[in-house]
Amino acid sequence: MDKRFQWVMGCALVLVLAGCASQKPVLYPNATLNQRGQAAGDQAIQGCMHRAQAAGLDYSKGGTVRRTAESGAVGGAGGAVAGAIYGSVGRGAAAGAAGGATAGLIRSLFARNDPAPVYRSYVNRCLAEQGYEPIGWN
């Protein structure tokens, strides 16, 4: 493999992993958190997130994959039109799909990685039942 290609793929992997960072609840320092401590609060957050996953809830509902596929489809259609105008529908569609998918993936890497509303509500309620007060997600 070409060294430049390996370097570009390595950078892309780093960006993908950075884009996958997820948010978690921020707890208000109420009596429960003050009494039990921040470490216990962090354990409660992790436990509630695991419970949400065990209940079949997804953090993101596959948003990045869906947006990348949509961008690839739009790019492919645009490439096919350009290819028809300039003489090669197949090559235009392939180039457009590749460019669209890449653009969609890069765009999604810089988008906020907010949790799905139902997942967030489940975790917030789980924490509230334990006496914690989630005030937002970071």
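A brief report on the enclosed structure follows. Nothing here was measured: the structure is a model prediction, and the numbers come from that model.

### Remarks on the environment of Leu33
By secondary structure assignment, the location of Leu33 is in helix H2 (residues 31–36). Placed 98 residues apart in sequence, Leu33 and Gly131 show a C-alpha to C-alpha distance of 8.2 Å. Beyond its immediate sequence surroundings of up to four residues, Leu33 is in contact with Leu27, Tyr28, Gln38, Gly41 and Tyr132.

### As for the pattern of salt bridges
Applying the stated criterion to the full structure yields 2 salt bridges. Measuring nitrogen to oxygen at the nearest pair gives 3.8 Å for the salt bridge that ties Lys24 to Asp42. Taken together, the residues span a long stretch of sequence, with Lys24 in the loop between helix H1 (3–19) and strand E1 (25–27) and Asp42 in helix H3 (residues 38–54) at a distance of 18 residues. Here Asp42 falls in the partly exposed class, since its relative accessible area comes to 29%. Arg125 is the partner of Glu129 in a salt bridge, and the nearest nitrogen-oxygen pair spans 3.2 Å. Pair noted here: Glu129 and Arg125 are both in helix H6 (residues 117–129), with a separation of 4 residues, about one helical turn.

### As for the state of the cysteines
By the definition in use, this model includes 1 disulfide. Disulfide pairing is shown between Cys48 and Cys126; the S-S distance is 2.1 Å. Around the S-S axis, the bridge from Cys48 to Cys126 shows a dihedral of about -75° and counts as left-handed. One end of the pair, Cys48, is in helix H3; the other, Cys126, is in helix H6, with 78 residues separating them in the sequence. Like Cys126, Cys48 is buried.

### A closer look at the packing of aromatic side chains
Within this structure, the stated rule accounts for 2 aromatic pairs. Their ring planes at 75° and their centres at 5.4 Å tell us that Tyr59 and Tyr119 sit as a pair that is edge-to-face. Placement of the pair is Tyr59 in the loop between H3 and helix H4 (63–86) and Tyr119 in helix H6, with a sequence separation of 60 residues. Here Tyr59 and Tyr119 have matching classes, each one buried.

### Observations concerning H3
When the terminal C-alpha atoms of H3 are compared, their 24 Å separation across 17 residues agrees well with the 24 Å that a helix rising 1.5 Å per residue should span. Those residues of H3 not exposed but buried are Gly41, Ala44, Ile45, Cys48, Met49 and Ala52. Buried residues of H3, seen end-on, are gathered within an arc of 135° and therefore sit on one face of the element. Residues of H3 that are exposed and point over 90 degrees away from its buried face: Ala39, Gln43, His50 and Ala54. Structurally, H3 contributes buried residues whose contacts are with E1, H2, H6 and strand E2 (134–137). A positive backbone phi angle near 90° is found at Gly56, which sits one or two residues after H3.

Analysis parameters
Residue positions are counted from 1 within each chain, in the order its sequence is given. This being a predicted model, a pLDDT of at least 70 is required before a residue's local features are given, and a value of 80 or more before pairs of side-chain atoms are given or counted; all residues contribute to the totals for chains, interfaces and linings. The side-chain quantities take in all heavy atoms of the structure and omit both hydrogens and water. In DSSP terms, a helix is any run of H or I states spanning at least four residues, a strand is any run of E spanning at least two, and both are numbered starting from the N terminus. Here a residue-residue contact requires only that any non-hydrogen atoms of the pair lie within 4.5 Å. What counts as a salt bridge is simple: a side-chain nitrogen of Lys or Arg found within 4 Å of a carboxyl oxygen of Asp or Glu. Between buried and exposed lies partly exposed: a residue is buried under 20% and exposed over 50% of the maximum accessible area for its type, with that area taken using a 1.4 Å probe on protein chains only. The disulfide definition used here is simple: a pair of cysteine sulfur atoms within 2.5 Å. Here a pair means two rings of Phe, Tyr or Trp (six-membered ring of Trp) with centres within 6.5 Å. Their orientation is stacked below 30 degrees between planes, edge-to-face above 60, and tilted elsewhere. Multiplying 1.5 Å by the helix residue count minus one yields the expected span of that helix. Our arc is simply the arc of the directions from the helix axis toward the C-beta atoms.

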